[in-house]
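Chain by chain, the residues:
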Amino acid sequence: MCVGIPAQVVELHPSGPHSAVVDVEGARREVNTVMVDDEPLAVGDWVLLHVGFAMSRIDAAEAAETLAFMRELGAVYDEEIEAFSSELP
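Okay, so let's go over this structure. Counting of residues starts from 1 at the beginning of each chain's written sequence and follows it residue by residue. With pLDDT at 70 or above as the cut-off, local features in this predicted model cover only qualifying residues; side-chain atom pairs require 80 or more to be listed or tallied, and sums for whole chains, interfaces and linings still use all residues. The side-chain quantities take in all heavy atoms of the structure and omit both hydrogens and water.

### Digging into the nonpolar core
By size, the foremost hydrophobic cluster in this structure holds 13 residues, and its most contacted members are Ala-7, Val-9, Val-22, Val-47 and Leu-49. Counting only elements with at least two residues in this core, the list comes to β1 (5-12), β2 (19-24) and β4 (46-50). Definition used in this section: a nonpolar core is a set of buried Ala, Val, Leu, Ile, Met, Phe, Trp, Tyr and Cys residues joined via side-chain atoms within 4.5 Å. Here the term buried applies to any residue with accessible area under 20% of the maximum for its type, exposed to any over 50%, and partly exposed to those in between, with areas from a 1.4 Å probe on protein chains only. Think of it this way: any DSSP run of H or I at least four residues long counts as a helix, any run of E at least two long counts as a strand, and we number them from the N terminus.

Have a look at this one:
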């Protein structure tokens, strides 16, 4: 199952104008931000991730609520975090 995961921006533009490093539960990954480039991102902003892309901006309250719900899913959430944390092929 693929779901969108809330992630917090921790670094901007590490490898180009449409990239950021995000943190999800302590796991960090560089992601593509082209879909949310209508307004500049800032460190601390929250985005909803799917397959390596920041799909939309969300606020901290929505991120916390979504993460809490996902934790309740148990194994599904654990699988998503494991996939996010793993090395890219």
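### Observations regarding unusual backbone geometry
The phi torsion at His-13 lies on the positive side, around 55 degrees, for a residue other than glycine. Tracing the backbone through its elements, the reader meets His-13 in the loop between β1 and β2. We classify His-13 as partly exposed; its relative accessible area is 46%. In this structure, Glu-25 takes a positive phi of about 55 degrees despite not being glycine. Mapped onto the elements of the fold, Glu-25 is located in the loop between β2 and β3 (27-32). Residue classification places Glu-25 among the partly exposed positions, given a relative accessible area of 43%.

### Digging into a nonpolar patch on the surface
Taken together, the side chains of Val-34, Met-35, Val-51, Phe-53 and Met-55 define a hydrophobic patch exposed on the protein surface, amounting to about 440 Å² of accessible area. For Phe-53, the location among the structural elements is in strand β5 (residues 53-58). Of the residues examined, Phe-53 reaches a relative accessible area of 32% and is grouped as partly exposed. Residues enter patches when they are more than 30% accessible in relative terms and free of salt bridges; like-charged ones are connected within 9 Å and nonpolar ones (Val, Leu, Ile, Met, Phe, Trp, Tyr) within 5 Å. Note on areas: Shrake-Rupley with a 1.4 Å probe; residue coverage comes only from the protein chains shown. Each salt bridge in this description consists of a side-chain nitrogen of Lys or Arg and a carboxyl oxygen of Asp or Glu lying within 4 Å of one another.

### Comments concerning the pairing of β3
A regular strand carries its side chains on alternate faces of the sheet. Burial of β3 is one-sided: the residues Ala-27, Arg-29 and Val-31 facing one way are buried, the residues Arg-28, Glu-30 and Asn-32 facing the other way are not. Bridge analysis of β2 against β3 gives six bridges, and the strand direction is antiparallel. Its bridge partner lying in β3, Val-21 is registered against Glu-30. The pairing criterion for strands is at least two bridges between them, as found by DSSP. Here β2 folds back onto β3 in antiparallel fashion, the turn holding two residues, of which Glu-25 has a positive phi close to 55 degrees.

### Remarks on the pattern of salt bridges
Scanning all chains against the criterion turns up three salt bridges. Residue Arg-28 pairs with Asp-23 through a salt bridge whose shortest N-O separation is 3.3 Å. Here Arg-71 ties to Glu-25 by a salt bridge, and the two come within 2.5 Å at their closest N and O atoms. You can see Arg-71 sitting in helix α1 (residues 60-72) and its partner Glu-25 sitting in the loop between β2 and β3, a full 46 residues away along the chain. With a relative accessible area of 44%, Arg-71 lands in the partly exposed category.

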